[in-house]
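Given next are the chains, with one letter for each unit.
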Amino acid sequence: MLRTLTSASAALGLRAAGWVRTMASHQLLVAPPDALLKPLSVPSRLLLGPGPSNLAPRVLAAGGLQMIGHMHKEMYQIMDDIKQGIQYVFQTRNPLTLAVSGSGHCALETAVVNLLEPGDPFLVGVNGIWGQRAAEIGERVGARVHPMTKDPGGHYTLKEVEEALAQHKPVLLFLTHGESSSGVLQPLDGYGDLCRRYNCLLLVDSVASLGGAPIHMDQQGIDVLYTGSQKVLNGPPGTSLISFSEKAKNKMYTRKTKPFSFYMDVKWLANFWGCDNKPRTYHHTTPVIGLYSLRESLALLVEKGLENSWRQHREATAYLQGRLQGLGLQLFVKDPALRLPTVTTVAVPAGYDWRDIVNYLMDHFSIEITGGLGPSLGKVLRIGLLGCNATRENADRVTEALQQALQHCPRNKL
């Protein structure tokens, strides 16, 4: 027995030596990068663009907590807290309410990929970049996409939507509540009733509006609503919030084909988030630390109260817009009732390159504002007062910085 063990040990030693030689037989081609041998350095900036926004201190602290397992009972409790928070901020009683492991784009794609099958007619309000993205995703899943295209700054009336519903008979209508690329706030009252009359589901993007403008998912008849973590919620990007009505759930659960994406399959997500009253089954590893932060973001909004948050954004943004007009800048959205109370757009002043203005604020004041996006590129400057950043102090800071930029940036007087 001893001889056998000795022989086996010797053979194992030779094999291990062979492994070492094999590992050493290839030289490293890539040297350790010098950049990663230096400490991380992140500048301090005031983020007054359309998002992401600065993290609230409590959210920042949550991001420094230690990891736990994504299927620990304590993590399930955090997920349940998040679901209740989403139901509050959405004003919905939908059981099928959860967070998606991805940004607002991921929530949009989750909705479209699960709700639409190849050949389904899809009516899309395209009055900015988010409608463009919704139409693009619809085309990729094989839906018959019918865009209602408007120039940046436009919105959709009930009459226009009803005419399109009657013409195209879609199974799904997409509208953007807060079109951050143009600064438009789309009215929502009556659109859910209209969709029900035409047997159509209503999908609404509230990424730039949630917490800043009133939205009542159940009372307004919205079938699917989603938002992101990085705007008014003052959380890190990477998680998004979504909720589905019973009608939307029925459409998804009676599909003839499986959704193209396993990662975004709502049946799996609903189970993992405890929405189906069945034992939870592993689907994917959630961003645990991101969910800590999201939980705290929602807790802050719950403590403040929706009505107070809506008032804060309305008042701070109205003050900002008055200051901007005092500089001679023109608000891009002419109708005050249609101005988004989170992201303000001003027309790029004549003779200026918008890039010069944006860069001047960043270089001289460490303040971020941005230019347009998609159809509004080159037409507007975008200034966001989001969540804890929605203060008169920040409105004053950005206005004074803009005043300096307009005095010092080159201007073409032709």
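Engineer: What is the right way to look at the packing of aromatic side chains in this model?
Structural biologist: The geometry of an aromatic ring pair is captured by two quantities: the separation of the ring centres and the angle between the planes. Applying the stated criterion to the full structure yields 2 aromatic pairs. Seen from their ring centres, Tyr360 and Phe365 are 6.3 Å apart, and the 50° between their planes marks the pair as tilted. Sitting over the ring of Tyr253, Lys249 keeps its end group 5.4 Å from the ring centre. Here the basic side chain of Lys267 rests over the ring of Tyr253, its NZ or CZ set 5.3 Å away from the ring centre.

Engineer: Where do I start with the pairing of strand β2 (residues 97-100) in this structure?
Structural biologist: Note on strand geometry: in a regular strand, side chains alternate between the two faces of the sheet. What you see with β2 is no split at all: Thr97 and Ala99 on one side and Leu98 and Val100 on the other are buried throughout. Note that β2 and strand β10 (residues 240-244) share 4 bridges and pair antiparallel. In the strand pairing of β10, Val100 is matched with Ser240.

Engineer: Would you mind showing me how to read the side chain of Thr239 here?
Structural biologist: Mapping Thr239 onto the fold places it in the loop between β9 (224-228) and β10. Residue classification places Thr239 among the buried residues on the basis of a relative accessible area of 3%. Not counting chain neighbours up to four residues away, the residues in contact with Thr239 comprise Val100, Gly102, Gly228, Ser229, Pro287, Gly290, Leu291 and Leu294.

Engineer: Please clarify how the sheet that holds strand β11 (residues 343-347) should be interpreted in this entry.
Structural biologist: The pairing of strands in a sheet happens through backbone hydrogen bonds and is either parallel or antiparallel. Read across the open sheet, the 3 strands follow the order β11-β14-β13; overall the sheet is antiparallel. In the strand order of this sheet, the two ends are held by β11 and β13 (370-371), each with one partner. In this sheet, strand β14 (residues 380-384) lies alongside β11 in antiparallel orientation, the contact comprising 5 bridges. Paired with Thr344 across the bridge in β14 is Ile383. Against the sheet, helix α11 (residues 306-326) touches β11 and β14, its axis set at about 15° to β11.

Engineer: Explain unusual backbone geometry to me, please; I cannot follow it from the model alone.
Structural biologist: Note: most residues except glycine have negative phi, and most peptide bonds are trans. Note the cis peptide between Gly51 and Pro52, where omega equals 5°. When you line up the elements, Pro52 lands in the loop between β1 (46-47) and α2 (57-62). Even without glycine at this site, Lys169 takes up a positive phi of about 50°. In this structure Lys169 comes out as exposed when scored by relative accessible area, which is 59%. Positive phi outside glycine occurs at Asn277, with the angle close to 60°. With respect to the helices and strands, Asn277 occurs in the loop between α9 (266-272) and α10 (288-304).

Engineer: Explain the sheet that holds β9 to me, please; I cannot follow it from the model alone.
Structural biologist: Taking strand neighbours across the sheet as the criterion, the 7 strands line up as β2-β10-β9-β8-β5-β3-β4 in an open arrangement whose pairing is mixed. On the outer flanks of this sheet lie β2 and β4 (144-149), each paired with one strand and no other. Here the strands of the sheet are splayed against their neighbours by 20° on average, with no regard to which way each runs. Relative to the sheet, helix α5 (residues 129-140) contacts β3 (121-126), β4, β5 (172-176) and β8 (201-205), its axis offset from that of β3 by approximately 160°.

Engineer: How do you make sense of helix α6 (residues 158-168) when you look at a structure like this?
Structural biologist: Given 3.6 residues per helical turn, the α-helix brings residues three or four places apart onto the same face. Of all the residues in α6, the buried ones are Val161, Ala164 and Leu165. Angular distribution of buried residues about the axis of α6 spans 100°; they occupy a single face of the element. Set apart from the buried face of α6 by more than 90 degrees, the exposed residues are Lys159 and Gln167. One or two positions beyond α6, positive phi appears at Lys169, with a value near 50°.

Engineer: Honestly, helix α3 (residues 73-90) in this entry has me stumped. Any pointers?
Structural biologist: With 18 residues, α3 extends 26 Å between its outermost C-alpha atoms, agreeing within 8% with the 26 Å of an ideal straight helix rising 1.5 Å per residue. The set of residues buried in α3 consists of Met75, Tyr76, Ile78, Met79, Ile82, Lys83, Gly85, Ile86, Val89 and Phe90. For α3, the elements touching its buried residues are β2, β9, β10, α9, α10 and α11. Positive phi appears at Gln91, one or two residues downstream of α3, with a value of about 55°.

Engineer: So what exactly am I meant to see when it comes to the state of the cysteines here?
Structural biologist: As used here, a disulfide is simply a covalent bond connecting the sulfur atoms of two cysteines. Applying the stated rule across the entire model yields 0 disulfides. In this structure Cys106 is not part of a disulfide, and its nearest cysteine sulfur, from Cys275, lies 16 Å away. Taking relative accessible area as the criterion, Cys106 reaches 12% and is therefore assigned buried. No disulfide involves Cys195; its nearest neighbouring cysteine sulfur is the one of Cys200, lying 4.4 Å away.

What counts and what doesn't
- Residues numbered from 1 in each chain as written.
- Predicted model: local features only at pLDDT ≥ 70, side-chain atom pairs only at ≥ 80, totals over all residues.
- Heavy atoms only, no water.
- Phe/Tyr/Trp six-rings, centres within 6.5 Å; stacked < 30°, edge-to-face > 60°.
- Lys NZ or Arg CZ within 6 Å of the ring centre and 35° of its normal.
- Buried < 20%, exposed > 50% of the residue type's maximum accessible area, 1.4 Å probe, protein only.
- Helix = DSSP H or I, 4+ residues; strand = E, 2+ residues; numbered from the N terminus.
- Pairing = 2+ DSSP bridges.
- Contact = heavy atoms within 4.5 Å.
- Axes fitted to C-alpha atoms, helices over the stretch in contact; angles between N-to-C directions.
- Arc of directions from axis to C-beta.
- Expected span 1.5 Å × (residues − 1).
- Disulfide = S-S within 2.5 Å.

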